[in-house]
Amino acid sequence: MKIAVVGAAGRMGQMLVRRIARTEGVSLAAASESPNSNAIGRDSGEVAGIDANKIRIGGDSAAAIAAANVVIDFTVPAATVAHAKVAAGKGVAMVIGTTGLDPAQTALIHEAAKAVPIMWAANMALGVNILLALVEKTASMLDPGYDIEVLEMHHRHKIDAPSGTALALGRAAAAGRQVKLEEVWRRSRDGHTGARPSGEIGFATLRGGEEVGVHTVMFAAAGERLELSHRAFSRETYAAGAVRAAQWLGAKKPGLYGMKDVLGL
């Protein structure tokens, strides 16, 4: 399987290049970056800190996508939407790890998935996807007397908040209670907020240092608190999930898939 990596000089892009090099049955077909990147023209292997692979980072993402069977995208919302349109037009499957897309951008991803198979997940770590299932199950077992709070922390460079994984955990909790997250969430608190309403799902966001990702869901009642938590120590777990998803997509029909599908959860 030939894989293209867009955003190849970024943190996740470099990790993906390294992971592809170590995975049997796949190869790096192309790598791209934004046209103003200082990585343009450099060997993608050397940029990723491994041996040269003779795949130079280009500034034309459309050409990179056209050279592959699957493109993996951990970039930014506007770029991801543009890449999805190109992939749909060229019949190239897509793995998306980008978060922070607005409703209009999300609709465009759904539209592209009518033409090609797309696997889109807020988090591709096996542990996080098991956590999502546990949160949904736990929320279904506990009555609304248990307040639900989602706490997340990421590195200082992350641009969206709450994180896509935190929102996915909130949606899992809401699904367990058979409600819509948007009807019960509290994404931030400041000032004189008053008492916490029953049934609310709250979010707390921390940013600092080089933290890869910490997510904790708390179920708090008058006499006890249950916590379900996951901490990532390396982006390697995300890269491994993305490459696994790319391999899984190879034989799939057009449609929008998630890591639950890839992992059989």
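Before any of the text, the structure's been laid out above.
Residues numbered from 1 in each chain as written. Predicted model: local features only at pLDDT ≥ 70, side-chain atom pairs only at ≥ 80, totals over all residues. Heavy atoms only, no water.

1. Things to note about the nonpolar core
Note the threshold: Nonpolar core, defined: a set of buried Ala, Val, Leu, Ile, Met, Phe, Trp, Tyr and Cys residues in which side-chain atoms within 4.5 Å join the residues together. Here the term buried applies to any residue with accessible area under 20% of the maximum for its type, exposed to any over 50%, and partly exposed to those in between, with areas from a 1.4 Å probe on protein chains only. Helix and strand labels come from DSSP, where a helix needs a run of H or I of at least four residues and a strand needs a run of E of at least two; each type is numbered from the N terminus. Only heavy atoms matter for contacts: two residues are in contact if any of them lie within 4.5 Å across the pair.
Counting residues in hydrophobic clusters, the biggest one holds 38 residues, and the most contacted among them are L16, I20, I72, V95, M119, M124 and M259. Listed by contribution, the elements that provide at least two residues to this core are β1 (2-6), α1 (11-21), β2 (27-32), β4 (70-73), β5 (93-96), α9 (236-249) and α10 (259-263). Per-element tally for this core: the top contributor is α9, with seven residues. Sequence-distant contacts of I72, defined by excluding residues within four places in its chain, comprise I3, A4, V5, V6, L16, V95, A242, V243 and A246.

2. Details of the packing of helix α4 (residues 77-90) against helix α5 (residues 103-112)
Using the following cut-off: Lines fitted to C-alpha atoms define the axes, with helix axes restricted to the stretch in contact, and inter-axis angles between N-to-C directions lie between 0 and 180 degrees. These descriptions rest on fixed angle ranges, namely under 35 degrees for roughly parallel, over 145 for roughly antiparallel, 65 to 115 for roughly perpendicular, and the rest for oblique. Crossing chirality is assigned from the near helix's rotation relative to the far helix, an anticlockwise turn below a right angle marking it left-handed and a clockwise turn marking it right-handed. Each residue gets one of three labels, nonpolar for Ala, Val, Leu, Ile, Met, Phe, Trp, Tyr, Cys and Pro, charged for Asp, Glu, Lys and Arg, and polar for the others, Gly among them.
Taken N-terminus to C-terminus, the directions of α4 and α5 make an angle of 20°; their axes are 9 Å apart at the nearest point. On the basis of the axis angle, α4 is roughly parallel to α5. Here α4 runs over α5; the crossing is left-handed. Contact residues: P77, A78, T80, V81, A84 and A88 in α4; Q105, L108, I109 and A112 in α5. Among the residues making up the contact of α4 with α5, the classes are represented as eight nonpolar, two polar and no charged.

3. Quick look at the packing of α1 against α9
Closest axis-to-axis distance for the α1/α9 pair is 9 Å, and the angle between their directions is 60°. Looking at the two axes, α1 sits oblique to α9. Of the two possible hands of crossing, α1 and α9 adopt the one that is right-handed. Where α1 approaches α9, its residues M12, M15, L16, R19 and I20 are matched on the opposing element by E236, Y238, A239, A240, A242 and V243. The class makeup of the residues in the contact of α1 with α9 is nine nonpolar, no polar and two charged.

4. Focus on the pairing of β4
Operational definition: Two strands qualify as a pair provided that DSSP identifies no fewer than 2 bridges between them. By convention a crossover is right-handed if, when the strands point away from the viewer, the path from the first strand over the helix to the second runs clockwise.
Covered by surrounding structure in β4 are V70 and I72 together with V71 and D73, the residues of both alternating faces. Bridge count between β1 and β4: four bridges; the pairing is parallel. Considered in β4, the bridge of V6 is made with D73. As paired strands, β4 and β5 are joined by four bridges and run parallel to one another. Along β5, the bridge assignment pairs D73 with I96. The parallel pair β4 and β5 is bridged by α4, and the resulting crossover is right-handed.

5. Describing α5
Applicable threshold: The directions from the helix axis to the C-beta atoms are what the arc is built from. Side-chain atoms alone can form a polar contact between residues adjacent in sequence; in general such a contact is a pair of N or O atoms within 3.5 Å, and within protein one must be able to donate a hydrogen while the other accepts it.
Within α5 the residues assigned to the buried category are Q105, I109 and A112. With its buried residues spanning 60° around the axis, α5 presents them on a single face. Projecting away from the buried face of α5 at angles above 90 degrees are the exposed residues P103 and A104. Check the buried side of α5 and you find it contacts α4, β5, β6 (117-120) and β12 (255-257). Its side-chain oxygen 3.1 Å from the backbone nitrogen of A104, D102 forms the N-cap of α5.

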